[in-house]
Amino acid sequence: MTKRQQERWEYLKSHGEADTLLLPCASICTPRFMNKDVKRVTVHTLRRMKEAGEKISMLTAYDYSFATILDEAGIEVLLVGDSASNVMAGHETTLPITLDQMIYHAGSVIRAIKRALVVVDLPFGTYQGNSKKALSSAIRIMKESGAHAVKLEGGESVQQSIKRILKAGVPVMGHLGLIPQSIYKFGTYVVRAKQKEEADQLKKDAKLLESIGCFAIVLEKIPSELAAEVAASVKIPVIGIGAGNKVDGQVLVTHDLLGITKSFKPRFLRRYLDMYTDIKVAAQSYLQDVKSGSFPDESEQY
Ligand code: KIV
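The structure presented is a predicted model; accordingly, all values stated were derived computationally and were not measured.

Attention shifts here to the overall build of the protein chain. Helices and strands together make up the secondary structure of the protein chain, namely 12 helices and eight strands. Per-residue burial over the protein chain gives 37% buried out of 302 residues. Sequence separation of at least 24 residues holds for 58% of the intrachain contacts in the protein chain that already meet a minimum separation of 6.

Structure below.
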């Protein structure tokens, strides 16, 4: 940071505004693409990234501790996904998680972040078929958690809900392809839109989401050529999960990438750690130390 920036930072900090403008996180991390003085990521940042051909990184976060690390790492978008229903609560599907529970997770993430854009999933049953209910669900998320945007699943079928939320000034991210809240309609988690009819509908839905004002779209588990075609056909960023590399960014569930959810092994997943094993080994070492009486030792007591 230059001296002038340092002074400006000090001034903003003393006026309680430091969070909203320049953030001196250069000392924490400076990936190649980042300026030294990192500004908050907004929906406009993502659009500019797409225009500049810079890929967008997005990961899930459900709690304060993980969100702190991911934000410091420089991940641009943190998704408080309804996958919390599986990952955090152990449900088989995303359907059971409630709006109150999503708000709890989102609030924890918001308290951690300094730079990332935080997007929160509207859970199943809070927006489908009733646009007034959709708006009040979105408003609760924004007001009670402090999140920056919401995400909801579907195209044409939920357009009234999306339009109403957007009209209230809440940014909306779409989600097409494999939409886990409709798992009982699909019957399985296999790749979607392999057939022409479904692919055509998906392309139509993506154009519709763009035209009504969504700021980005997640495409989940569809053929990479189809995803590439969609990404090239819209100006808004398209973020893929199991949708190949010719899209504008990637999203993964953090617990999958870290190897915590060890039985989940889809082809699209790249594991960067084996934390299931590491945590288990650490817990076993602790257990042994407790049983043997070697923990705590002299230096670990008062
Ligand atoms: O809930 C979630 O984690 C998601 C991602 C898989 C995109 O929607």
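From this point, things continue past the structure.
Take the nonpolar core next. If you look at the biggest cluster of nonpolar residues, it comprises 71 residues, and the most contacted ones within it are Leu78, Val109, Val118 and Ile217. Discounting residues that sit within four places of it in the chain, Leu78 has contacts with Leu59, Ala61, Ala67, Leu70, Asp71, Val109, Ile113, Ala116 and Val118.

Near the ligand the following residues occur: Thr60, Leu79, Gly81, Asp82, Ser83, Asp121, Val218, Glu220, Ile241, Val251 and Val253. Its residues placed into classes, the shell around the ligand shows five nonpolar, three polar and three charged.

The next point concerns the pairing of strand 8 (residues 249–252). Bridge analysis of strand 1 (residues 56–60) against strand 8 gives four bridges, and the strand direction is parallel. Residue pairing in the sheet places Ile56 in a bridge with Gly249 of strand 8. With two bridges connecting them, strand 7 (residues 238–241) and strand 8 associate as parallel partners. Pairing of Gly240 across the sheet is with Gln250, part of strand 8.

As a further point, take helix 7 (residues 159–167). Among the residues making up helix 7, those that are buried are Ser161, Ile162, Arg164 and Ile165. For helix 7, the buried positions fall inside an angular range of 165 degrees around the axis, keeping them on one side.

All right, on to the packing of helix 5 (residues 99–112) against helix 6 (residues 131–145) then. How two helices sit against one another is set out by the angle between their axes and by the gap between those axes. Where helix 5 contacts helix 6, the two axes come as close as 9 Å, and the packing angle between them is 35 degrees. For the element pair helix 5 and helix 6, the recorded crossing hand is right-handed. Within the contact between the two elements, helix 5 uses Leu99, Met102, Ile103, Ala106, Gly107 and Ile110 and helix 6 uses Ser137, Arg140, Ile141, Glu144 and Ser145. A per-class count over the contact of helix 5 with helix 6 returns six nonpolar, three polar and two charged.

Bringing the environment of Val234 into the picture now. By the element assignment, Val234 lies in the loop between helix 10 (224–233) and strand 7. Assessed through the 19 C-beta atoms surrounding it within 10 Å, Val234 is described here as partly exposed. Between the alpha carbons of Val234 and Glu210 there is a distance of 6.8 Å; along the sequence they are 24 residues apart.

Criteria and cut-off values
- Residues numbered from 1 in each chain as written.
- Predicted model: local features only at pLDDT ≥ 70, side-chain atom pairs only at ≥ 80, totals over all residues.
- Helix = DSSP H or I, 4+ residues; strand = E, 2+ residues; numbered from the N terminus.
- Buried ≥ 20, exposed ≤ 12 C-beta atoms within 10 Å, placed from the backbone.
- Contact = placed C-beta atoms within 7 Å.
- Core = buried A, V, L, I, M, F, W, Y, C linked by C-beta atoms within 7 Å.
- Near = placed C-beta within 6 Å.
- Nonpolar A, V, L, I, M, F, W, Y, C, P; charged D, E, K, R; others polar.
- Pairing = 2+ DSSP bridges.
- Arc of directions from axis to C-beta.
- Axes fitted to C-alpha atoms, helices over the stretch in contact; angles between N-to-C directions.
- Left-handed = near helix turned anticlockwise from the far one by under 90°.

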